[in-house]
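# Reading the structure
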Amino acid sequence: MFTASTLLALSLACTPEEEPPVDVGDPAEELALPDLTGTDWPAAYAEAITVTAELRTALAWSGHDKALALGREGCPDIYVGAPDEDLDVDEDAGGVSWSDYCETGGGLAFTGFSWWDGRATVEGDAASPEGATATGERTMIADAVIADNDGIRFQLDGEVSDALTRVDAEGYSRWTWSSLIQGSLTGADVFTGTATPGGIRADLYLYASGGDVEYMEARGDVYLFEEPVLGRFDSISMDLAMIEPRSAGPEDCAEEPLGYLSLRDTDAYWYDLVFLPRYDENATDEDYPNNPYGECDGCGTLYVRGLEQGEVCVDFSFLWEGALSPPDIEDFVTSLRLVSQ
Amino acid sequence: MRVPLNAATLPLLALILAASACGDEAADTGAEDTLPPEEETEFVIDSGFVVDTGDTGFNVGDQDREPEHTLTMSHEGEWSLTPLGGPYTALTGHMDVVEVLDGDLKEPACELTWSLTGELVDEETGGACASCAFTFAVQFYLSEGEAGACSDPELPADGDTWLLGFDEADGVLTREYDGTGIWIPWFAAELDGDTLSFDWSASVGVLVEEEE
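What counts, and at which threshold
Residues numbered from 1 in each chain as written. Chains lettered and ligands numbered in written order. Predicted model: local features only at pLDDT ≥ 70, side-chain atom pairs only at ≥ 80, totals over all residues. Heavy atoms only, no water. Helix = DSSP H or I, 4+ residues; strand = E, 2+ residues; numbered from the N terminus. Buried < 20%, exposed > 50% of the residue type's maximum accessible area, 1.4 Å probe, protein only. Contact = heavy atoms within 4.5 Å. Salt bridge = Lys/Arg side-chain N within 4 Å of Asp/Glu carboxyl O. Patch = residues over 30% accessible without salt bridge, like charges linked within 9 Å, V, L, I, M, F, W, Y side chains within 5 Å. Areas by Shrake-Rupley, 256 points an atom, 1.4 Å probe, with all protein chains shown as cover. Lys, Arg positive; Asp, Glu negative; His and termini not counted. Charge placed at Lys NZ, Arg CZ, Asp CG, Glu CD. Phe/Tyr/Trp six-rings, centres within 6.5 Å; stacked < 30°, edge-to-face > 60°. Pairing = 2+ DSSP bridges. Domains from an automatic or database assignment. Buried area = accessible area lost by both parts, 1.4 Å probe. Core = buried A, V, L, I, M, F, W, Y, C linked by side-chain atoms within 4.5 Å. Disulfide = S-S within 2.5 Å.

In this section: the environment of Tyr141(B). Residues and elements named next belong to chain B. As for its position among the elements, Tyr141 is in strand β4 (residues 134-144). Judged by relative accessible area, which is 36%, Tyr141 ranks as partly exposed. C-alpha separation for the pair Tyr141 and Asp160, spaced 19 residues apart in sequence, amounts to 7.7 Å. Those residues in contact with Tyr141 that sit more than four places away from it in its chain are Thr113, Trp114, Ser115, Thr117 and Asp158.

Glancing now at the pattern of salt bridges. All names here are of chain A. For the coordinates displayed, the defined rule picks out 13 salt bridges over all chains. In this structure, the salt-bridge partner of Asp189 is Arg153, at a minimum N-O distance of 2.8 Å. Of the two residues, Asp189 is situated in helix α4 (residues 188-191) and Arg153 in strand β5 (residues 151-169); the sequence distance between them amounts to 36 residues. For Arg153, a relative accessible area of 22% gives the class partly exposed. A salt bridge links Arg278 to Glu217; the nearest nitrogen and oxygen atoms lie 3.1 Å apart. Here Arg278, found in the loop between β11 (270-274) and β12 (299-304), pairs with Glu217, found in strand β8 (residues 215-224); they are 61 residues apart in sequence, far enough to count as distant. By the burial criterion, Arg278 is buried, and Glu217 matches it. Within this structure, Asp117, Arg119 and Glu137 form a network of salt bridges that share partners.

This part takes up a negative patch on the surface. A contiguous patch of negative charge, built from Asp84(A), Glu85(A), Asp86(A), Glu68(B), Asp102(B), Asp104(B), Glu107(B), Glu209(B) and Glu210(B), is present on the exposed surface. Along the chain, the position of Asp102(B) falls in the loop between β2 (90-101) and β3 (110-120). Residue classification places Asp102(B) among the partly exposed residues on the basis of a relative accessible area of 41%.

Residue and element names in this part refer to chain B. The full count for this structure, using the stated rule, is 17 aromatic pairs over all chains. For the pair Tyr88 and Phe134, a centre-to-centre distance of 5.7 Å together with 85° between the ring planes defines the contact as edge-to-face. Residue Tyr88 is found in the loop between β1 (70-82) and β2, and its partner Phe134 is found in strand β4; the two are separated by 46 residues along the sequence. For the residue pair Tyr88 and Phe134, the accessibility class agrees, reading buried in each case. Members of the aromatic cluster, each reached through a chain of ring pairs, are Trp79, Tyr88, Phe134, Phe136, Phe166, Phe187 and Phe198.

All names here are of chain A. The buried fraction of β12 is high, at six of six residues. Examined bridge by bridge, β11 and β12 share four bridges and lie antiparallel to one another. Within β12, the residue paired with Tyr271 across the bridge is Val304. Both β12 and strand β13 (residues 307-313) contribute to a ladder of five bridges, which runs antiparallel. Directly across from Tyr303, in β13, lies its bridge partner Glu308.

With that settled, the discussion passes to the domain arrangement of chain A. All names here are of chain A. Along its sequence, chain A is organised into domain 1 (56-195) and domain 2 (202-317). With 17 residues of domain 1 at the interface, the matching set in domain 2 holds 14 residues. Both sides together, the interface formed by domain 1 and domain 2 hides about 1,200 Å², and carbon and sulfur atoms give 51% of it. On the surface where domain 1 and domain 2 come into contact, there are one salt bridge. A salt bridge links Arg174 to Asp212, with the nearest nitrogen and oxygen atoms 2.9 Å apart.

Membership of the largest hydrophobic core comes to 106 residues, with the highest contact counts inside it found for Tyr45(A) and Trp79(B). The biggest single contributor to this core is helix α2 (residues 41-54) of chain A, with eight residues. If you count residues domain by domain, this core takes at least three from each of domain 1 (56-195) and domain 2 (202-317) of chain A. Not counting residues up to four positions away in its chain, the partners in contact with Tyr45(A) are Leu261(A), Ser262(A), Leu263(A), Tyr271(A), Asp272(A), Leu273(A), Leu302(A), Val312(A), Val314(A) and Phe316(A). If you look at the next biggest cluster of nonpolar residues, it comprises five residues, including Ala82(A), Leu87(A), Val89(A) and Ile141(A).

Every disulfide links exactly two cysteines, by a covalent bond between their sulfur atoms. Residue and element names in this part refer to chain A. The tally for this structure, following the rule as stated, stands at five disulfides over all chains. A sulfur-sulfur separation of 2.1 Å characterises the disulfide bridge that pairs Cys75 with Cys102. The chirality of the disulfide connecting Cys75 with Cys102 is right-handed, given an S-S dihedral of about 90°. Of this pair, Cys75 sits in the loop between α3 (57-68) and β1 (77-80) while Cys102 is found in strand β2 (residues 96-103), placing the two residues 27 residues apart along the sequence. In this structure, Cys75 and Cys102 share a single accessibility class: buried. Cys253 shares a disulfide with Cys296; S-S distance 1.9 Å. Taking the sign of the S-S torsion, about 85° here, the bridge from Cys253 to Cys296 comes out right-handed. Here Cys253, found in the loop between β9 (233-243) and β10 (258-265), pairs with Cys296, found in the loop between β11 and β12; they are 43 residues apart in sequence, far enough to count as distant. Residue classification places Cys296 among the partly exposed positions, given a relative accessible area of 34%.

Printed below as a string of structure tokens:
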């Protein structure tokens, strides 16, 4: 048992010495905003959407297919189902995978694993009044590098998935697709010929419909490993929805997107272009209380560090000229036969 | 956990307070010793592996991984085509499926026998394979074995109908993939008289649940 005197002694022994006052120096200077001149802002935001619309799951699949086709028997080792019980996929998911740390003898190396699964079905007859319905979905989870002496051909560290529904009948067509990329994706077989040959790290969801109603959504973040937008912006962040003018209803604004589109320059400044609020169903009502954001005029308000910098008007009409075309249903066909023969 | 404050616990509390007040300098600095280290944020590709793509190429040495368990899947079968001499309009046949785990031929992991019947698919309206000598809608009836014991995810279900076409030039039976109009080479095949024999085999890795 401690006595009161013991505690007092302990306390006195540990009394800290009085510290001298700290010189905090002069007040910090107000941070200057980055220079906004010399940048073609409409072009920057248009290119950001162009880049984004291209970043679909299909890139990962085609790159993986190309690189995997260069393998040889036993490199990589093919598995039915998941290669590892720790892989976070449904136990009954099935699918096909490879897992290895090998070299083909021709300088092509496979390291890590890749698991994928997909299915495609078509029911009905497109020549009939009822039409045909095609559905496809696929998922790939990987921590994989396929490389040769020229560098990385395919690399995915993460998960990608997409889905397609398509209805075709006499005189009628409607399709929707969605794509989700979560992870790092690089490689010559993936990105050669695209606007982002250096690859990306992204958490990006895209959705588009066409045929009867042309519409798109983009939500998430993209970091461009190389090739910044207009040589200046290395990151894109967005939460957007857009509808094609002829598909728009009386309540829709087809002049500009709903939501925001942000660019980050290589000095880490964000430039936020804010359009109509995306999640306010009454955004286009006359009495929307936060004009000018409520104006459907094709322009967004540019903010830098939260300060308004004026309007930027961007023509996104190029999106409706094929940039959002759906994948083919054939792309969703996966089979052990296609990799084991 | 709550500790009641009473005569027994107060001295202990005082001792803890005293000790914390008079710790060494490192303890006084607090944060770095009491908080977990910040995660480093780097724009690196972390595959978990190192790829040496230098002049000498990638050298795995003795690190090449092999599957812990290997499954060898073998499919073999025959079609008896009628009428004899052709042109063929129907078939009967069978398909045997054997899966062997880790080379254990004495006790295959799975053995199935399917009975097959087939009707010719009309080239004009039935969705026949364009490059095939003939295409059949083949029904699969499981006559022996337990399909659930097999690991091949692409076996037919009992009663399934597959469109299979004989591509004589490539020597394969191609299968139409679930109504998509996409034809995938499925079996190596050879026509001898009125009998078409086919087979496919592959060895793949597989996860096996270890018995506890």
